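Below, each chain spelled out in residue letters.
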Amino acid sequence: MAAITEFLPKEYGYVVLVLVFYCFLNLWMGAQVGRARKRYNVPYPTLYAIESENKDAKLFNCVQRGHQNSLEMMPMYFILMILGGMKHPCICTGLGLLYNVSRFFYFKGYATGDPMKRLTIGKYGFLGLLGLMICTISFGVTLILA
């Protein structure tokens, strides 16, 4: 444990906790998709409902798409948090919280069945990602110049 605390600042723990918070958010979104499967009669393993076969296809697909998009973005978000947080743990914690909260509203907006509602608050997640990219670039430059 001493080797880890020598390498990482103690504030890095906040980065870790924000990432775990996102894991819980992701599990919650997955549960919402499961509920939508039952509500709109879309059995497994069907990923997306077909409108000609299911009158509620758009409603289900919006719930599914909100979660799927979050899964697609997760690897980039995690690597930016992990690396950028090594140099800028407090900034990355704030940006990560912004991203997590915006992802919640992105999903909730999408799940209404009107895809444009995902951007009402959800659009601010991209500011969080941009900030995380800057922090990670800063970390990379620091390594190169060291």
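Taking an unreviewed UniProt entry as the reference, the chain is identified by name as Glutathione S-transferase 3, mitochondrial belonging to Arabidopsis thaliana. Looking at the chain in UniProt, the text filed under Subcellular location (unreviewed entry) is "Mitochondrion outer membrane".

A word on the overall build of the chain. Secondary structure summary: the chain contains 5 helices and 0 strands in total. Secondary structure elements of the chain, listed N to C terminal, follow the sequence α-α-α-α-α. Dimensions of the chain, computed from the C-alpha atoms along their principal axes, are close to 60 × 30 × 20 Å. Counting only residues that meet the buried cut, the chain has 42% of its 146 residues in that class.

The next point concerns the packing of aromatic side chains. A complete count under the given rule lists 9 aromatic pairs for this structure. The interplanar angle of 70 degrees and the centroid separation of 5.4 Å between the aromatic rings of W28 and F107 together place this pair among those described as edge-to-face. In this pair, W28 sits in helix α2 (residues 12-40) while F107 sits in helix α4 (residues 89-110), placing the two residues 79 residues apart along the sequence. Here the aromatic cluster, defined as three or more aromatic residues joined through ring pairs, consists of Y22, Y77, F78 and Y99. Just above the ring of Y44 sits the side chain of R37; from NZ or CZ to the centre is 4.2 Å. A cation sits over an aromatic face here: R103 above Y106, 4.2 Å from the ring centre.

Another aspect to go through is unusual backbone geometry. Note the cis peptide between Y44 and P45, where omega equals 5 degrees. Secondary-structure assignment places P45 in the loop between α2 and α3 (57-87).

Closest axis-to-axis distance for the α3/helix α5 (residues 125-145) pair is 8 Å, and the angle between their directions is 45 degrees. The orientation of α3 relative to α5 falls into the category oblique. Between α3 and α5 lies a crossing whose hand is left-handed. Together, M73, M76, Y77, L80, M81, L83, G84, M86 and K87 of α3 and F126, L129, L132, M133, C135, T136, S138, F139 and T142 of α5 make up the contact between the two elements. Looking at side-chain class alone, the contact of α3 with α5 contains 13 nonpolar, 4 polar and 1 charged residues.

Grouped together as the largest cluster of nonpolar side chains are 28 residues, with contacts concentrated most on Y22, F60, Y77, M81, L129 and L132. Elements represented by at least two residues in this core include exactly α2, α3, α4 and α5. What Y77 contacts, discounting residues up to four positions off in sequence, is V18, L19, Y22, G96, Y99, N100, L129 and L132.

Bringing the UniProt feature "transmembrane region" (unreviewed entry) in the chain into the picture now. When the UniProt feature table is mapped to this numbering, "transmembrane region" (unreviewed entry) covers residues 12-31, 77-101 and 121-145. Secondary structure over residues 12-31 splits into 100% helix and 0% strand, and the C-alpha atoms at its two ends are 29 Å apart. Along residues 77-101 the backbone is 96% helical and 0% strand, and the end-to-end C-alpha distance reaches 13 Å.

Tracing the sequence through the fold places N54 in the loop between α2 and α3. In this structure the side chain of N54 is engaged in a polar contact, spanning 2.7 Å, whose partner is the backbone nitrogen of D56. Ignoring anything within four residues of it in the chain, the contact list for N54 reads Y40, N41, V42 and A49.

Cut-offs used in this document
Residues numbered from 1 in each chain as written. Predicted model: local features only at pLDDT ≥ 70, side-chain atom pairs only at ≥ 80, totals over all residues. Heavy atoms only, no water. UniProt positions renumbered as here; feature names shortened; annotations may be inferred. Helix = DSSP H or I, 4+ residues; strand = E, 2+ residues; numbered from the N terminus. Buried < 20%, exposed > 50% of the residue type's maximum accessible area, 1.4 Å probe, protein only. Phe/Tyr/Trp six-rings, centres within 6.5 Å; stacked < 30°, edge-to-face > 60°. Lys NZ or Arg CZ within 6 Å of the ring centre and 35° of its normal. Axes fitted to C-alpha atoms, helices over the stretch in contact; angles between N-to-C directions. Parallel < 35°, antiparallel > 145°, perpendicular 65-115°, else oblique. Left-handed = near helix turned anticlockwise from the far one by under 90°. Contact = heavy atoms within 4.5 Å. Nonpolar A, V, L, I, M, F, W, Y, C, P; charged D, E, K, R; others polar. Core = buried A, V, L, I, M, F, W, Y, C linked by side-chain atoms within 4.5 Å. Polar contact = N/O pair within 3.5 Å; in protein donor to acceptor, adjacent residues only side chain to side chain.

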